[in-house]
Every structure is written in structure tokens, then in C-alpha cells.
Amino acid sequence: MSSDSSPQARGTWPARGVDPPSYSQLLTDIREGRVKDLELSPRQQEVRVEFGDGRELRVPVFANDQQLLRTAEQAGVPLTVRDDRADAASAALVSNGLLVLLLLGGLALLLKRSAKVANKALGFGASKPRLQPEGGVSVRFEDVAGIAEAKEELQEVVTFLKAPERYTAIGARIPKGVLLIGPPGTGKTLLARAIAGEAGVPFFSMAASEFVEMFVGVGASRVRDLFRKAKEKSPCIIFIDEVDAVGRQRGAGIGGGNDEREQTLNQLLTEMDGFADNSGVILLAATNRPDVLDAALTRPGRFDRRITVDLPDRRGREEILAVHARTRPLAEGVRLSAWASRTPGFSGADLSNLLNEAAILTARRRQTTIDDVALGDALERITMGLTAAPLQDSAKKRLIAYHEVGHALLTTLVPHADQLDKVTLLPRSGGIGGFARTMPDEDVLDSGLISKAYLLARMVVAMGGRAAEQVVFGPDEVTQGASSDLELVGRIGREMVTRYGFSPLGPVALEAEGPEVFLGRDWLRSEPHYSKVTGNRIDAQVRELACHALEKAMALLEPRRDLMDVLVERLIVEETIDGDRFRAIVEADEQRRSACGSAAEADVQAAQVGVQAGVLNR
Ligand code: ADP
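Not measured: the values here are computed from a predicted model.

Student: Please clarify how the sheet that holds strand 3 (residues 56-60) should be interpreted in this entry.
Tutor: Within a beta sheet, neighbouring strands are joined by backbone hydrogen bonds and run either parallel or antiparallel to one another. Across the sheet, four strands lie side by side as 3-2-1-4; this open sheet has mixed pairing. Strands with a single pairing partner mark the edges of an open sheet, and in this sheet they are strand 3 and strand 4 (79-81). For this sheet the average axis-to-axis angle between neighbouring strands, irrespective of direction, equals 20°. Bridging between strand 2 (residues 46-51) and strand 3 involves five bridges; their strand directions are antiparallel. Within strand 3, the position partnered with Glu50 by the bridge is Glu56. Contacts from helix 2 (residues 66-75) reach strand 1 (35-41), strand 2 and strand 4 within the one sheet, and its direction differs from that of strand 4 by about 140°.

Student: Just to check I follow, could you spell out the sheet that holds strand 13 (residues 576-578) for this structure?
Tutor: Pairing in this open sheet of three strands is antiparallel, and the strands run 12-11-13 from one edge to the other. One side of each edge strand has no neighbouring strand; the edge strands of this open sheet are strand 12 (435-439) and strand 13. Between one strand axis and the next, the sheet turns by 20° as a mean value, whatever way the strands run. Looking at chain direction, strand 11 (residues 419-424) and strand 13 are connected through three bridges and run antiparallel. Of the residues in strand 13, the one forming a bridge with Val423 is Ile577. Where helix 14 (residues 372-384) meets the sheet, its contacts fall on strand 11 and strand 12, and the angle it forms with strand 12 comes to roughly 105°.

Student: Looking at this structure, I do not really get the site of the ligand. What am I missing?
Tutor: Around the ligand lies a shell of 16 residues, among which Ala145, Gly185, Lys188, Thr189 and His324 are the nearest. Backbone polar atom of Gly187 to an oxygen atom of the ligand: 3.1 Å apart, as the coordinates give it. His324 has a polar side-chain atom sitting 2.8 Å from a nitrogen atom of the ligand. Starting from 560 Å² of accessible surface for the ligand in isolation, the protein chains cover 79%. Elements with a contribution of two residues or more to the shell around the ligand: helix 6 (188-199), helix 11 (314-325) and helix 13 (348-364). Residues of the shell around the ligand, tallied by class, amount to seven nonpolar, seven polar and two charged. Both domain 2 (130-308) and domain 3 (314-384) contribute no fewer than three residues apiece to the shell around the ligand.

Student: Looking at this model, I keep getting lost on the environment of Ala338. Mind explaining?
Tutor: Looking at the secondary structure, you find Ala338 in helix 12 (residues 336-341). Expressed as a C-alpha distance, the spacing of Ala338 and Glu318, which sit 20 residues apart in the sequence, is 8.5 Å.

Student: What exactly am I supposed to notice about a negative patch on the surface here?
Tutor: Taken together, the side chains of Glu149, Glu152, Glu153, Asp310 and Asp313 define an acidic patch exposed on the protein surface. Its location among the elements puts Glu153 in helix 4 (residues 148-162). Its relative accessible area of 40% is what places Glu153 among the partly exposed residues.

Student: I tried to follow unusual backbone geometry on my own but got confused; where do I start?
Tutor: For Glu242, which is not glycine, the phi dihedral falls at a positive 45°. Unusually for a residue other than glycine, Arg366 sits at a positive phi of about 60°. One can find Arg366 in the loop between helix 13 and helix 14. Owing to a relative accessible area of 76%, Arg366 belongs among the exposed residues under this scheme.

Student: Please clarify how the pattern of salt bridges should be interpreted in this entry.
Tutor: A side chain of one charge can pair with a side chain of the opposite charge if their charged atoms are brought near each other. Evaluation of the coordinates by the stated rule reveals 33 salt bridges. Asp225 is the partner of Arg228 in a salt bridge, and the nearest nitrogen-oxygen pair spans 2.5 Å. Linking Arg228 with Asp225, this pair stays in helix 7 (residues 218-232), spanning three residues, or about one helical turn. On the basis of relative accessibility, which here comes to 44%, the residue Arg228 falls in the partly exposed class. Residues participating in the shared-partner salt-bridge network are Arg342, Glu380, Asp421, Lys422 and Arg437.

Student: What exactly am I supposed to notice about the side chain of Asp418 here?
Tutor: Here Asp418 lies in the loop between helix 15 (395-413) and strand 11. Arg458 is the oppositely charged side chain nearest to the buried, salt-bridge-free Asp418, at an N-O distance of 4.7 Å. Within the structure, the side chain of Asp418 is placed 3.0 Å from the side chain of Tyr454, a separation counted as a polar contact. If near-sequence neighbours (up to four positions away) are discounted, Asp418 is found in contact with Thr411, Thr438, Met439, Pro440, Asp441 and Tyr454.

Rules behind the numbers
Each residue is numbered by its place in its chain's sequence as written, counting from 1. This being a predicted model, a pLDDT of at least 70 is required before a residue's local features are given, and a value of 80 or more before pairs of side-chain atoms are given or counted; all residues contribute to the totals for chains, interfaces and linings. Calculation of side-chain values draws on the structure's entire complement of heavy atoms; hydrogens and water are dropped beforehand. Pairing between two strands requires that DSSP report at least two bridges joining them. Counting from the N terminus, the helices are DSSP H or I runs at least four residues long and the strands are E runs at least two residues long. Helix axes use the C-alpha atoms of the stretch in contact, all axes being lines fitted to C-alpha atoms, and the angles between their N-to-C directions lie in the range 0 to 180 degrees. Any two residues whose heavy atoms approach within 4.5 Å at even a single point are treated as in contact. Here, proximity means that at least one heavy atom of the residue falls within 4 Å of the molecule or strand. Counted as a polar contact is a pair of N or O atoms within 3.5 Å, where, for protein atoms, one must be capable of donating a hydrogen and the other of accepting one, and residues adjacent in sequence contribute only when both atoms are in side chains. Here the open area of atoms and residues is found with the Shrake-Rupley method and a 1.4 Å probe, where only the protein chains shown may cover a residue. As a working rule, the residues Ala, Val, Leu, Ile, Met, Phe, Trp, Tyr, Cys and Pro are called nonpolar, Asp, Glu, Lys and Arg charged, and the rest polar, with Gly in that last group. Where each domain begins and ends follows an automated or database-derived domain assignment. For patches, a residue must show more than 30% relative accessible area and have no salt bridge; joins then use 9 Å for like charges and 5 Å for nonpolar side chains, namely Val, Leu, Ile, Met, Phe, Trp and Tyr. By convention in these notes, a salt bridge is any Lys or Arg side-chain nitrogen within 4 Å of a carboxyl oxygen on Asp or Glu. Counted charges follow a simple rule, with Lys and Arg positive, Asp and Glu negative, and His plus the chain ends left uncounted. Taken as the charge location is NZ of Lys, CZ of Arg, CG of Asp or CD of Glu. When accessible area is computed with a 1.4 Å probe and restricted to protein chains, residues below 20% of their type maximum are described as buried, those above 50% as exposed, and intermediate ones as partly exposed.

Dropping the structure here:
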């Protein structure tokens, strides 16, 4: 028996005010008859000793202590063994119980977490449309400007929703679906919300891309869910944005198409058939690619109304600006009509952004009203990007100045070209050292009709930069700065030859508009529908058009080298020359030329240009 395990080594023991005797003392006490009673607790390895004088003490003993038993037996001291099995059992029970509880707790926690994950996975099928309750839509028709025709058409839908009896009484079927077609930002969502607002019905909106998830079948169940929710709230409006994301023609695409998208589309078709006529649910959908929609989606009974929401014209833009200026203080003298003229091709969203940018600039400058300067800066920021640090007067700045003056001068000189808005040397982020901005002709823009002369003029103007570099610095010193101009020239040339029949190849359309829609832009080009020989002739024609444009540009710039020098000096000093001033300078120079008798020279030049124009206009 080691001394470590000796009971004495265990420190103090509970005794009623008296130190317990040592083990050997206890044995002596037993032998000498001083002990009256002993009670052994084997588990606790201790013995309760009752002395003859009435003291009661606990003394630690060895486990399985034979010595104590023998001594007690010999001395005739009664020794009882305490049965502490029950205590042990209950202690074990408690500790086991605790363990089980701990395990159960852990298990429950795990289950809860996995249930959450499972819920998420199963909840994929539930649609999450943004719902605006009845009366919750604050947009009205008066907030939508510049698209009068679309508004008028949709006015009827409001009546359908408000007073359906007027139509149903005479057996008219209320349309189930209205397709809003137009470029992004023209106010399609706004219109849909305005209908809900005017009719005072709930408005569900969802982008079609939100239907489609990674898992097959999720889109379909989302469509089901959306229609179920909508039917509960009927009459109401469901708005599906970018419906072409699911509504593309089935069976198109690579590798058998996208199963998930097709299933979603099928479900959409089924749901549209499923709700009864005049159920009060009207589906509005927006797209800017109506050409790619599945025919089943656009047949009567589904999206049977198509409303085109086009980019606004000048008057429309003015009206839209006025709508957005309602909440923004304009400085006196700001004419919105002038800004409408300066923003051709802008959508409603662009115009709203323009006013917002101007408001931000105004706040930054600590002014209280938005003035023309802020609007001008905002416009530039939107169209050209952020301003960069001005260039130092270096050879590079001079070269950029000649390049831009080349464009600007040709814009002013070439008939049919767009009007110059301004030319500037203030650089913009993205490596733009300066630019000559033109304003597209409103008539061309509004009518959508582009003449051959206009395209030829655009090519000449685009070549202005390269031509100026070549005239001033020589053919070996030209820079790559004209690369984007050349791209533009190439694109115009190719369209002229292959789409508009503006070339000796004859009035044939050899290519269709835009990239292949089903294959992802520019990912795979379909095989051309013409022979290799024709392909070569197309390339040759495009090259010829580009070369003639450059020659014509040089023929116009070469005799005006001194004017270019004057304009470049001015531009370097002033950094920006606006269109009117630029035209005045050019005009004065042209008059001086004819007055100075250089008319003869100009005639020769003009004759040359005429010859080239003849070639171009062939
Ligand atoms: P779309 O759905 O056609 O892409 P939105 O309806 O979302 O365009 O338009 C975006 C924002 O542009 C609108 O919230 C609104 O502020 C502005 N906007 C667009 N068109 C108009 C318009 N015709 N009249 C007034 N604001 C417009």
C-alpha cells in the first residue's frame, strides 16, 4: 500500500468540533474498548465512529479494509456496513440523465438548423413578388409624361378594373394580358404602377428572371404561387418585368435549350389560360425584345394587347423633365425646352437621372436652385463620364486639339452632318482626352429614317480626327486615337452595304439586324447567308467607303490648315468652344477666303470634293 493512497494523506475530515483520530489511533481505540459502534461506508471509504464517551467522528479508511473488520470483530465492537448502493445508483441516474439531456439538446439544435436549411430549399418554390396593397401605389397617370398614346391605351385598363360591368354587360372580354414593349427606362414599370394607382388595386411585381433558379421546376412553382396569391387579391395587377427572360421561343438555344425556362414559360401559359375571363387579374408584362417572344405567349387570350412605349420625342422629353422638376427647385431662366432639345435619344429614366445629377451638383456647390450650369455639367457627366485632371500644354494636348478640331470643323462644313454642340479639351475618365459633341438631327431621330447622304456625312466627320492628324503631322505621325472612329466608320459602312442596299452590290439585305438573339450576344455567329465571293465584295465595298470618307475629310481640311491652327490655339487657351461660336469663327473664315480671292483655289478644292462626293454617292 503506497503512502499516497493512505487515508491520512487526504487532508481534514468532517468531525463535530474534534480532530479525527489517526487510523492507527482508531485501531487502538477499538482494541482498548473506547469505541461503542462503527458504521462503515465502503463507497466513501470512511467509517463513522461512535465513542463510548458519546463523541462521534468520521475516520477515513482503506478500500476493502480487512484490518478494521478484524480488529472490530476481535474487540466485539458492532460494525454495520452502510448500504450506499441506492445513493450510487441515484447519482449515476442523475449523471446519465444529464448526459441524455445534453445529447437530446444537441440533437434538437442540429435538427432545427437542418430544418431551416430544408425550409429554405423547399421555399424556393414560393414566389416573392413585391406586393403593394390596394391604395398603396401612389403613382398616377399624371406622373407619367411624354408617352401619350400608351397612356391613352392603358386608360382603358383602368376602367376595366374599376367598372368591369360596363364591358361585361355587353359581352366584351376584358384582356388578360398587356405587353408593354419598349427600350429600357421608358417608363413601362411606371405605367403599370400608374394603372394600379389609378384603379386603386393591389400591385404585384416581379422580374421574370426571378422565376428562374438553379433548380428545375422552381420557376414553374413560383409562377403557380404568384397567380394563386394574385387571385386571392383580385382585382389586381401582376407586373412581370423583362418577360423575355422566360418568354423566349421554346426549342431555341444550344444543347436542347433551357428546360427550366421552358417549364416556367409553359406554366405561365397554363396559368394565363387557367384564370377565368373577367376574373379581375390583369397581367402586364414588359420587354424590349418582342421579336424573341414565343408565339404562344402573344396569341389572343394571352398577351393580346401590345402597347409600344417608345423613347420620347422632344416635346415628350420636355414634359418628362417638367414632371421631375416638380420636386426640384429650378433657377429662374432655366428653359426645360432647351434641355429637351439637347437630350435626343434620352429615355425617361435618363432624364430623371439628369435632373437628379444636377440636383446633386447643386447641393455640392451649396446653391439652392438648379441652374443651367449644373444641368450642363450633369449632362456631360452622364454622357461622357467623370472629369479627369486637365492636360498640361504638351505635344499630346496639341495633337488631341487638332484631332477634335478636325471632327468639329467637318461637322460644320459637311452638309447633312449633325450639328456641333461643343468641342472641348477637358479630359474625361476612361482615357478620353477631349471630344467634339454633336446633336443628332431631331427630324432624323424622330422619323427613324436615315438617308444615305446622312450616313456618308457621318463617316466623313468620323474620319475628321485621323484626317487632321495626317494633314498636320504627316502620314507617319498619326496615332491610334482614331481607333473608335474607325470602328464607327466600319460599322456604318457595313450596314450601308449589307442592310440598306446603299452600295454597288445592289438593293439586297445580306445580313439581319443585331446579333443572334438565342445564342448569347456575339458568342456564336451564325453562318452568313451569302457566298465567300460576296463576302469579299462586301469587305471591299466597306473599305472603299472608308477610304473615300478619309480622302474627303482630308480634301476639306488641307486647304483650311491655317483655320485649324487658329481654332487649335483657341481651344488650348479656352479649353471649350461651344457650337455657335465655333460656327461663327468658321463662317468668318469662309467669308474671308472668298473675299481674299482665294475663291479660285477653293473652287478647285470644291471641285475635288465634288468628284469624291460623286464617287461616294454612287
Ligand atoms: P422601364 O420599366 O421602362 O425600364 P421604368 O418605368 O422603371 O422604366 O422607369 C424608371 C424611372 O424613370 C421611373 O421611375 C421614372 O422616374 C423615370 N421615367 C421613365 N419614363 C418616364 C416617363 N414617361 N415619365 C416620367 N418619368 C419617367
